[in-house]
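Coordinates in review
In case you want the letters, here they are:
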Amino acid sequence: MIGSDIEYAAQCIREGKLVAFPTETVYGLGANALDSLAVARIFESKERPSFDPLIVHIATIEMLYDLAEVSDSRVETLARAFWPGPLTIVLPKKDIVPDIVSSGLKTVGIRMPRTKIALDLIAKSACPLAAPSANKFGQLSPTTAEHVVKQLPELAYVLDGGKTEHGLESTVVTFQDSVCKILRPGVITKEDIQHILPDIQIEICTTNTEISAPGLLHSHYSPRKPLYIIDDCKRDFPKHAGLIAHAYESKEPSVAHLMYTSLNGNVHEIATELFAALHTMEDAEDVKEIYILSVPKQGLGIAIMDRLEKAAFKYLGKNTSL
Ligand code: TXA
Ligand code: MG
């Protein structure tokens, strides 16, 4: 059921049920992070492998100290700069965090989301919320309440906050010795972090690094139709092609379905509309395969291309029609 009753949603959480809620990035599928049974329902409902750890969402800075060891002043500097907001910090976990949340790792990812609905839900539930994106494992992330219901129709409750502000997941970081590692690129860019911590070395990890973060799987975020990334539209598209472009094409290509995430290549607009456009193409009956234009890999474009390359990974090399 979709609605706006935060009291009822909090009651569901306290009873160990799952509630989907809007954050400024994507919708999350929340459960009481301190209740192992409730958290197990997240894995079951998403069909998510147990090796993929969950992010714990908090509403106050005090909750951070309850859940994790914070011995590094750079953590507090980042938290002050970006919370509430789209940054997840991976820290050594305290025993109060059940192992199922961290998939057995000794660390836990924590973030304070920015929407009032999420913050109110956490406060009224009186517990931190473990919440992955509210989609089936490996499929498209949800940026509206309707996207959530499409993939998880059996949920107890979906809090509706309309379309999410950023449309892409949070940036996940951790500190290793003197280096800040970006385990998953996201809304907060390397440059944003460098601006706050000018003297620190920052590395963006790719799939082949030693750090195991399941968001680094090769294949993730995929639509249920073949998806191909292209660099330009100078080609003949097959009859049932859907095309997602990011800037107005004055010579519109001949395709079954054409969508724009932005009319002028604005990366913030592209990020916000990315998953929504992919959902629309996934649902469009006249579309059998989806083509999407690439964006330059800089700033927010790094996170956009990270999602696109993972979404298209399983179709790599299978594109015989072009
Ligand atoms: O914006 C977001 O982060 C959204 C909203 C709902 O907050 N959540 C989200 O969660 O994207 P999820 O489960 O779809 O992705 C979380 C990713 C994991 O796949 C993993 O890569 C990383 O965060 N992660 C979580 N805990 C970790 C840990 N202890 N160590 C390393 N990576 C971790
Ligand atoms: Mg996800």
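The structure reproduced in this document is the subject of the present report.

The rules we used
- Residues numbered from 1 in each chain as written.
- Chains lettered and ligands numbered in written order.
- Predicted model: local features only at pLDDT ≥ 70, side-chain atom pairs only at ≥ 80, totals over all residues.
- Heavy atoms only, no water.
- Core = buried A, V, L, I, M, F, W, Y, C linked by side-chain atoms within 4.5 Å.
- Buried < 20%, exposed > 50% of the residue type's maximum accessible area, 1.4 Å probe, protein only.
- Helix = DSSP H or I, 4+ residues; strand = E, 2+ residues; numbered from the N terminus.
- Contact = heavy atoms within 4.5 Å.
- Salt bridge = Lys/Arg side-chain N within 4 Å of Asp/Glu carboxyl O.
- Polar contact = N/O pair within 3.5 Å; in protein donor to acceptor, adjacent residues only side chain to side chain.
- Phe/Tyr/Trp six-rings, centres within 6.5 Å; stacked < 30°, edge-to-face > 60°.

**Regarding the nonpolar core**
Within the largest apolar cluster, 62 residues are counted, with the highest numbers of intra-cluster contacts made by Leu78, Trp83, Leu87, Leu121 and Ile193. It is helix α1 (residues 6–14) that contributes the most residues to this core, 5 residues altogether. Other than its neighbours up to four places away in sequence, Trp83 contacts Ile58, Ile61, Leu64, Leu78, Ile89, Ile110, Arg111 and Met112.

**Let's talk about the pattern of salt bridges**
Per the stated rule, a full pass over the model turns up 19 salt bridges. Here Glu24 makes a salt bridge to Arg111, at a shortest N to O gap of 2.9 Å. Note that Glu24 is positioned in the loop between β2 (19–22) and β3 (27–32) and Arg111 in strand β6 (residues 107–111), a separation of 87 residues in sequence. Summarising the burial analysis for this pair, Glu24 and Arg111 share the class buried. Lys297 is paired through a salt bridge with Glu309; the nearest N and O atoms lie 2.8 Å apart. Here Lys297 is found in the loop between β15 (289–293) and α10 (300–312), whereas its partner Glu309 is found in helix α10, with 12 residues between them in sequence. Overall, Lys297 belongs to the exposed group, its relative accessible area being 52%. One network of salt bridges, with partners in common, ties together Lys150, Arg224, Glu282 and Asp283.

**Here's the deal with the side chain of Asn135**
Among the secondary structure elements, Asn135 is positioned in the loop between β7 (129–130) and α7 (145–151). A polar contact of 2.6 Å, which involves the side chain of Asn135, links it to the side chain of Ser133. Among residues more than four places away in sequence, those in contact with Asn135 are Lys46, Leu140, Ser141, Pro142, Gln151 and Leu152.

**Some points on the packing of aromatic side chains**
Ring pairs (aromatic) are described by centroid distance and by the angle formed between their planes. The full count for this structure, using the stated rule, is 5 aromatic pairs. Ring centres of Tyr8 and Tyr157 lie 5.1 Å apart, and the angle between their planes is 80°; this geometry places the pair in the edge-to-face category. Residue Tyr8 is found in helix α1, and its partner Tyr157 is found in strand β8 (residues 157–159); the two are separated by 149 residues along the sequence. For Tyr157, a relative accessible area of 4% puts it in the buried group. Judged by centre distance (6.0 Å) and plane angle (40°), the ring pair of Tyr221 and Phe275 falls under tilted. Remark: Phe275 occurs in helix α9 (residues 267–283) and Tyr221 occurs in the loop between β11 (201–204) and β12 (227–230); sequence separation between them is 54 residues. Judged on exposure class, the residue Tyr221 and its partner Phe275 are both buried. Taken together, Tyr228, Phe237 and Tyr291 form an aromatic cluster joined through their ring pairs.

Shape descriptors only; they carry no functional weight alone.
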